[in-house]
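Report on the structure
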Amino acid sequence: MSSLDEELELVSGGDELTKKATVALKSGKKRIIVIAGPTASGKTALSLNICKECFGEVISADSMQVFEGMDIGTAKVTLEERMEVPHHLIDIRQIFEPFNVVKYHDEAKLAMNDILTRGHVPLVVGGNGFYIHSLIYGPPKGPPSVPELRARLEAEMDKFGAERLYEKLKSHDPKYAATITVQDRHKIIRSLEIITLTGKKVSDIPKPSEKDVPKDIDFRCWFIFHPKESLYSRIEKRCDQMIEQGLINEVKQLMDNGLLQNSSAAASIGYRQGIEFINSKQTPEDWDHFVSSFKKASKQYAKRQFTWFKREPLFKWLDMSKLTIEQASDIILQDYEMIV
């Protein structure tokens, strides 16, 4: 008996969705549930509920949750939750180790195949549109990063600010620059790196399309959200909770462990503002600035997430202000079951 036959035998008396997932794999079809959404939209609670219904396992689509110690500021699932539901691509790197979208794509694909082979249901869960897009359509087609050039561009940004490099990008590739903002520090650096290495505009590099989706994978994609007014209130509450849970102490600990060696992590929301506060005189005014800038950056990120996923044709949208977690889970699972 093959390993897949054994898996099918194990679930023969169990959940119907799990049996169908195993049958689908045996027939060469791979079905993946993708749950995206802005920060504080309820992705974790929804994904945990779904996983408990269908022997699901989560593959994180968060670029910062891969790093050990970035717990509070990334709203990482707890160890207890990870004991209940297996999670992948969390705590797989030390804070000073490099990680990028290509590595994410490769490791997420390995996790997907591992989950499917065991007859379970993969759920890709997160808010990083770039990572999710790359998983569905394939990694970016630009040249590999060159550490020396990347370090020089990062040093230039640290010295002169993101605005200066953004203006440089606009002069070389105004079309691509119009698709990002000055807050997209990593994208600014990466685009200038591509231009320097290839002599070509980023906007001239062919973009992945639906024809690039692997033929043997059916991504069932969902974007969950709350109306922006209520979402912004949820974001402010979450920021307050993170601060109360010890975000500043977490940033201090990570700085001791090499956070400043990782420019992407050090520039991420919550951590960048925390570093600025720690390096300030820490007056009451500095504290107020930290809190307000943290909340502002979080809301700006949520706005960019809405914009990103409006351009993603595979995603269906669910308004969580009109649904309970159980109702949303049923919609997603019924869709999964219907197409198996």
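The preceding data block contains the structure.
Residues numbered from 1 in each chain as written. Predicted model: local features only at pLDDT ≥ 70, side-chain atom pairs only at ≥ 80, totals over all residues. Heavy atoms only, no water.

**Things to note about the sheet that holds strand β2 (residues 56-60)**
- Here we have six strands laid out as an open sheet, ordered β3-β2-β4-β1-β5-β6, and parallel in their pairing. A strand with exactly one partner marks an edge of an open sheet, and here the two such strands are β3 (87-88) and β6 (315-319).
- Where helix α3 (residues 43-54) meets the sheet, it contacts β1 (30-36), β2, β3, β4 (121-126) and β5 (217-225), and its direction lies at approximately 175° from that of β4.
- Strands in contact with helix α5 (residues 101-117) are β1, β2, β3, β4 and β5; relative to β2, the strand with the most contacts, it is inclined by about 175°. (Pairing = 2+ DSSP bridges. Helix = DSSP H or I, 4+ residues; strand = E, 2+ residues; numbered from the N terminus. Contact = heavy atoms within 4.5 Å. Axes fitted to C-alpha atoms, helices over the stretch in contact; angles between N-to-C directions.)

**Some thoughts on the packing of helix α7 (residues 147-160) against helix α10 (residues 185-198)**
- For the pair α7 and α10, the least separation of the axes is 10 Å and the interaxial angle reads 130°. Looking at the two axes, α7 sits oblique to α10. For α7 against α10, the interelement crossing comes out right-handed. On α10, the residues touching Leu149, Arg150, Leu153, Glu154, Met157 and Asp158 of α7 are Arg185, His186, Ile188, Ile189, Arg190, Leu192, Glu193, Thr196 and Leu197.
- Its residues assigned to classes, the contact of α7 with α10 shows seven nonpolar, two polar and six charged. (Parallel < 35°, antiparallel > 145°, perpendicular 65-115°, else oblique. Left-handed = near helix turned anticlockwise from the far one by under 90°. Nonpolar A, V, L, I, M, F, W, Y, C, P; charged D, E, K, R; others polar.)

**Describing the environment of Gly56**
- Assignment of secondary structure puts Gly56 in strand β2.
- In sequence terms Gly56 and Pro86 are 30 residues apart; their C-alpha atoms lie 8.0 Å from each other.

**Section: the packing of aromatic side chains**
- Within the structure shown, the criterion is met by 14 aromatic pairs.
- For the ring pair Trp287 and Phe290, a centre distance of 5.2 Å and an interplane angle of 55° mean the geometry is tilted. With Trp287 and Phe290 both in helix α15 (residues 284-310) and three residues apart, this pair spans about one turn of that helix.
- You can call Trp287 partly exposed: its relative accessible area is 32%.
- Here the aromatic cluster, defined as three or more aromatic residues joined through ring pairs, consists of Phe223, Phe225, Phe306, Phe309, Phe315 and Trp317.
- Looking at Arg164, its charged tip hangs above the ring of Phe160, at a distance of 3.8 Å from the centre.
- Stacked on the ring of Phe306, the Lys or Arg Lys228 has its end atom at 5.1 Å from the ring centre. (Phe/Tyr/Trp six-rings, centres within 6.5 Å; stacked < 30°, edge-to-face > 60°. Buried < 20%, exposed > 50% of the residue type's maximum accessible area, 1.4 Å probe, protein only. Lys NZ or Arg CZ within 6 Å of the ring centre and 35° of its normal.)

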